[in-house]
Amino acid sequence: MSQIDQIISDVTGIATEKTKEITLDVTANLVESTPADTGWARANWVPAIGAKSTPSSYSRKDVASQDADQQGRILNVASNYTLDKGIVYVSNNVKYIRKLNNGYSKQEPAGFVKRAVVKASTEDQIVRN
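What counts as what
- Residues numbered from 1 in each chain as written.
- Predicted model: local features only at pLDDT ≥ 70, side-chain atom pairs only at ≥ 80, totals over all residues.
- Heavy atoms only, no water.
- Helix = DSSP H or I, 4+ residues; strand = E, 2+ residues; numbered from the N terminus.
- Contact = heavy atoms within 4.5 Å.
- Phe/Tyr/Trp six-rings, centres within 6.5 Å; stacked < 30°, edge-to-face > 60°.
- Lys NZ or Arg CZ within 6 Å of the ring centre and 35° of its normal.
- Salt bridge = Lys/Arg side-chain N within 4 Å of Asp/Glu carboxyl O.
- Buried < 20%, exposed > 50% of the residue type's maximum accessible area, 1.4 Å probe, protein only.
- Core = buried A, V, L, I, M, F, W, Y, C linked by side-chain atoms within 4.5 Å.

**Q** I tried to follow the side chain of lysine 20 on my own but got confused; where do I start?
**A** Along the chain, lysine 20 turns up in helix α1 (residues 3-33). Every residue in contact with lysine 20, bar those within four places of it in the chain, is listed here: Val77, Ala78, Ser79 and Tyr81.

In structure tokens form, the structure reads like this:
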């Protein structure tokens, strides 16, 4: 392997690990900061590789199954993501997620999604510095 090939391999490895790390941090921050009544909105933050996640077939009464699905998708990103697989999305298909993010719940002020993303990227900067 040439020196250039080694550098490309090293940079690709670092970028892959950082993408995983930030994706998992963003997901954790979103789960933590999402206002909760039943837990349904929190359980629907799921990362997906290559395309946004599709709505789950679980009902709002089946939060435990959605939690397990969420954990499986988190594990999939942590275990299987590589740069050549494309973009990693973190999405929530709950119909009222925008309403929550706009401040509908008194549990969390408006804009919690942006704060969760900024927090993940800021924490990454602090660790590097």
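We are not done yet, so read on.
**Q** Just to check I follow, could you spell out the packing of aromatic side chains for this structure?
**A** For the coordinates displayed, the defined rule picks out 0 aromatic pairs. A cation over an aromatic ring shows up here: lysine 99 above the ring of tyrosine 104, its NZ or CZ 4.2 Å from the ring centre.

**Q** Sorry, what's going on with the pattern of salt bridges here?
**A** Side chains that differ in charge, positive against negative, can pair when their charged atoms come close. Per the counting criterion, the structure on display carries 4 salt bridges. The partner of lysine 20 in a salt bridge is glutamate 17, and the shortest N-O contact between them spans 3.4 Å. You can see lysine 20 and its partner glutamate 17 sitting in helix α1, 3 residues apart, about one turn around the helix. In this structure glutamate 17 comes out as partly exposed when scored by relative accessible area, which is 46%. A salt bridge links arginine 73 to aspartate 69; the nearest nitrogen and oxygen atoms lie 3.1 Å apart. Here the residue arginine 73 and the residue aspartate 69 both occupy positions in helix α3 (residues 63-80), the gap between them amounting to 4 residues, near one helical turn. With relative accessibility at 23%, the residue arginine 73 sits in the partly exposed group.

**Q** Can you help me understand the nonpolar core in this one?
**A** Here is a general trend for soluble globular proteins: nonpolar side chains tend to be buried in one another's company. Formed by Val26, Leu30, Ala41, Trp45, Ile97, Leu100, Phe112, Ala116 and Ala120, the largest nonpolar core amounts to 9 residues. Elements with a contribution of two residues or more to this core: α1, α4 (97-101) and α5 (112-128). Per-element tally for this core: the top contributor is α5, with 3 residues. Aside from chain neighbours lying at most four places away, what touches leucine 30 is Trp45, Val90, Val113 and Ala116.

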